[in-house]
Amino acid sequence: MSDSGFPFLQHAMPSIKALQPYVPGKPVEELERELGIRHSIKLASNENPLGVSPRVAEVLRQGVAGVARYPDGGGYRLRHRLAQMHGTGEDAITLGNGSNDVLDMLARVFLGPAAESLFSEYAFAVYPLSSQAVGARLVSAPARDYSHDLEALQALITPQTRVIWIANPNNPTGTWLARKPLHEFLTRVPADVIVVIDEAYFEYVEEPDYPDATEWLGEFPNLVVTRTFSKAYGLAGLRVGYALSHPLVADLLNRVRQPFNVNLMAQEAALAALDDRDFLQRSVAVNRAGMAQLQEGLKALEIDWIPSVGNFLTLDLQHNAAEVDRALLQQGVITRPIAGYGLPNHLRVSIGLEAENSRFLTALSEVLER
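(A) Spatial organisation of the environment of D72. Within the secondary structure layout, D72 lies in the loop between helix 3 (54–63) and helix 4 (76–86). The partly exposed category is assigned to D72, whose relative accessible area is 38%. Sequence separation of D72 and G234 is 162 residues, and the distance between their C-alpha atoms is 22 Å. The residues contacting D72, other than those within four sequence positions of it, are R77 and Q267. Within polar-contact distance, the side chain of D72 engages the backbone nitrogen of G74 at 3.0 Å.

(B) Expanded view of unusual backbone geometry. Here N168 and P169 are connected by a cis peptide whose omega angle stands at 0°. Mapped onto the secondary structure, P169 falls in the loop between strand 5 (161–167) and helix 8 (179–188). Backbone torsion omega between N171 and P172 reads 25°, so that peptide bond is classified as cis. Within the secondary structure, P172 is located in the loop between strand 5 and helix 8. The backbone of F260 sits at a positive phi, close to 60°, despite the residue not being glycine. By the secondary structure assignment, F260 is in the loop between helix 9 (247–256) and helix 10 (264–275).

Reading the values: the criteria
- Residues numbered from 1 in each chain as written.
- Predicted model: local features only at pLDDT ≥ 70, side-chain atom pairs only at ≥ 80, totals over all residues.
- Heavy atoms only, no water.
- Helix = DSSP H or I, 4+ residues; strand = E, 2+ residues; numbered from the N terminus.
- Buried < 20%, exposed > 50% of the residue type's maximum accessible area, 1.4 Å probe, protein only.
- Contact = heavy atoms within 4.5 Å.
- Polar contact = N/O pair within 3.5 Å; in protein donor to acceptor, adjacent residues only side chain to side chain.

Rendered as structure tokens:
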């Protein structure tokens, strides 16, 4: 649409006008409405295929009567529970409407037109989006084997660098950084640069050398670690996440945090989810089995993938993945093409239930045989 005839648009921030909006995975309802089909499956957004735990479901049923009231704006009970879990003070925790909300707060607090935002090639799209929205200069370090190259990141640090974003594991590639190199990297980062380690898929990782970056918060005051309830805990639709940081950083984040940004039902559901360890363990087990199932099926189809420790695999189809994605949609299977990440030949697929994984592999086989 042309800006002509709307003179007020000329005053919009250039950094905002230049943004390309984040494109989420296609909802099942949208696909079925567009194609007139039924019984579709969605393996596009790395959601928990088990849904929510029984405890969460019961809390949500009981909590409906309270939605006429505003939630606790400070999220006291949830912050208290998270502080206990992580061995920190409550003043080290910032709640978000999903962890994306916290990432956006970090950009608003620490970035601006004179600042540089540093991240890796193939890193999560929200890092450049939130950074550009506040006018920061985007600096991308080349990846190594689809993963963060810590040496390349360090080489690009300048006096203007204000935030370094690291996803561990990374989305959309599923790659991860081991304890020693990541810790050594943190020791080399200047003390006036914020390092954000995004651990959205933390609960799924079973590698023995995978680090829990929250253990380093006392050593590095410039470290921020983000987590979410959207993945393994199954609360993607309720939007609740959080950051752990030095209390002085949390104080700044809470100054820009919107009032009541985590709704009442989300807070109650998160508390219930933390108490249901059996559901979390079952979710991890289902993911482990599904990962093995997909890998075995992909081997039979002679399709390569990027090794992943998350709840998804990124396939290398060796040609335009958008065509394969369109053909899969016709069969009611929603996956995620990631050309927007600079990977036009790759397709990301979430780990589903056994029957969903089988349906995807069958559909993919049929599409590739055409």
